[in-house]
Amino acid sequence: MLPLKGDFDPVTARGKHLNHLDWNKLITDPNTIILDVRNNYETEIGTFKNSIIPKMDNLTEFPHFVDKELSEIKKKKIAMFCTGGIRCEIASSFMMNEGFEDVYQLDGGILRYLKDVQDENLWEGECFVFDERVTVDKNLKPGNFLQCFGCRRPLSKTDLESKYYEKGVSCHKCYNVSSKKDKERFSQRQLQIELAEERGHVHGEGREGASSHYLRLFPSAGHRAVCGRQDASPGRSDPGPGFEDFERDGIADPRRRQKGEERLREEVRGVSRALH
């Protein structure tokens, strides 16, 4: 059921959770390996100093990275982190099953760290989030990035000046990747959005059935899918629940964490289904 192959169970064996104080102590130890297990586009705009960046498109590439880059340091202290914690539950369990002896993870992920830490905030840059803010700074204030509808990647103000950037259609990171047909479809969609906004309506507002059900399950992602607003963190041309939705809406929320280990098992199974 898990997205990573192996005989491991995040419910029974996973990295030790650290709060912001213990985390700061651990990552300032020069003997600690700091591991950022987020997707590549997330790591481009912020991380902890001296972090190893696996450069993954998604977590399913993690086993290959571990085998290729980390197999010789299994006795080292590993400190891993992600946005809200759920990817670390799976990745840390996988590493422990592979023989890594000293694995730790940032409890609640980056977002809880930024919420709890005060003076000694060691985060550098901004943090990508899966809602209309796109990014937040180290004080959890809305950041300075927008997002490309075509590829989901965060864009700086400089990126918007590229000749390949077209609102709602493409950016310099995906222009040569998306097809002509995709661009035409995105362009028509953006036109409908702008026309709806001129009339004072949200594009797609009022749809019922499966779309409204999706909205209730994944509010931000559903808004992107149904309404298609450029400022609402659009990204997948065919949006569906993935790691990001569970990262935002799942076990990073302490109230849901309190529901116990069985709930975690259900979340992990849900993530696995979403990835396949």
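Now for a description of the structure that goes with this document. (Residues numbered from 1 in each chain as written. Predicted model: local features only at pLDDT ≥ 70, side-chain atom pairs only at ≥ 80, totals over all residues. Heavy atoms only, no water.)

Digging into helix α1 (residues 20-27)
Link 1 in the chain: Turning to α1, its buried residues number three or more, namely His20, Trp23, Asn24, Leu26 and Ile27. The buried side chains of α1 occupy one side of the element, clustering within an arc of 165° when seen end-on. Across from the buried face of α1, at angles greater than 90 degrees, the exposed residues are Leu21 and Lys25.
Link 2 in the chain: On its buried side, α1 packs onto β1 (16-18), β2 (32-36), β3 (46-48), β4 (77-81), β5 (102-106) and α5 (109-116).
Link 3 in the chain: Near the N-terminus of α1, the side chain that reaches the backbone nitrogen of Leu21, with its oxygen 3.1 Å away, is that of Asn19. (Buried < 20%, exposed > 50% of the residue type's maximum accessible area, 1.4 Å probe, protein only. Helix = DSSP H or I, 4+ residues; strand = E, 2+ residues; numbered from the N terminus. Arc of directions from axis to C-beta. Contact = heavy atoms within 4.5 Å. Polar contact = N/O pair within 3.5 Å; in protein donor to acceptor, adjacent residues only side chain to side chain.)

Some thoughts on the side chain of Asp131
Link 1 in the chain: Mapped onto the elements, Asp131 comes out in the loop between β7 (127-128) and β8 (135-136).
Link 2 in the chain: Residue classification places Asp131 among the buried positions, given a relative accessible area of 9%.
Link 3 in the chain: Of the polar contacts made by the side chain of Asp131, one reaches the side chain of Arg133; its length is 2.7 Å.

Observations concerning the sheet that holds β2
Link 1 in the chain: In spatial order, the strands read β1-β5-β4-β2; together these 4 strands make up an open sheet with parallel pairing. Edge positions in the sheet fall to β1 and β2, since each of these pairs with one other strand and no more. Shown here is a sheet whose adjacent strand axes are inclined to one another by a mean of 30°, direction ignored.
Link 2 in the chain: When β4 meets β5, the two strands line up parallel, connected through 4 bridges. Note that in β5 the partner of Lys77 across the bridge is Asp102.
Link 3 in the chain: Here α1 sits on the sheet in contact with β1, β2, β4 and β5, set at roughly 130° to β4. (Pairing = 2+ DSSP bridges. Axes fitted to C-alpha atoms, helices over the stretch in contact; angles between N-to-C directions.)

Quick word on the packing of aromatic side chains
Link 1 in the chain: With the rule as written, the count across this model stands at 12 aromatic pairs.
Link 2 in the chain: The structure contains a cluster of three or more aromatic residues connected by ring pairs, namely Trp23, Phe48, Phe81, Tyr113 and Trp123.
Link 3 in the chain: For Lys183, the ring lying beneath its charged end belongs to Tyr175, and the centroid distance is 4.6 Å. (Phe/Tyr/Trp six-rings, centres within 6.5 Å; stacked < 30°, edge-to-face > 60°. Lys NZ or Arg CZ within 6 Å of the ring centre and 35° of its normal.)

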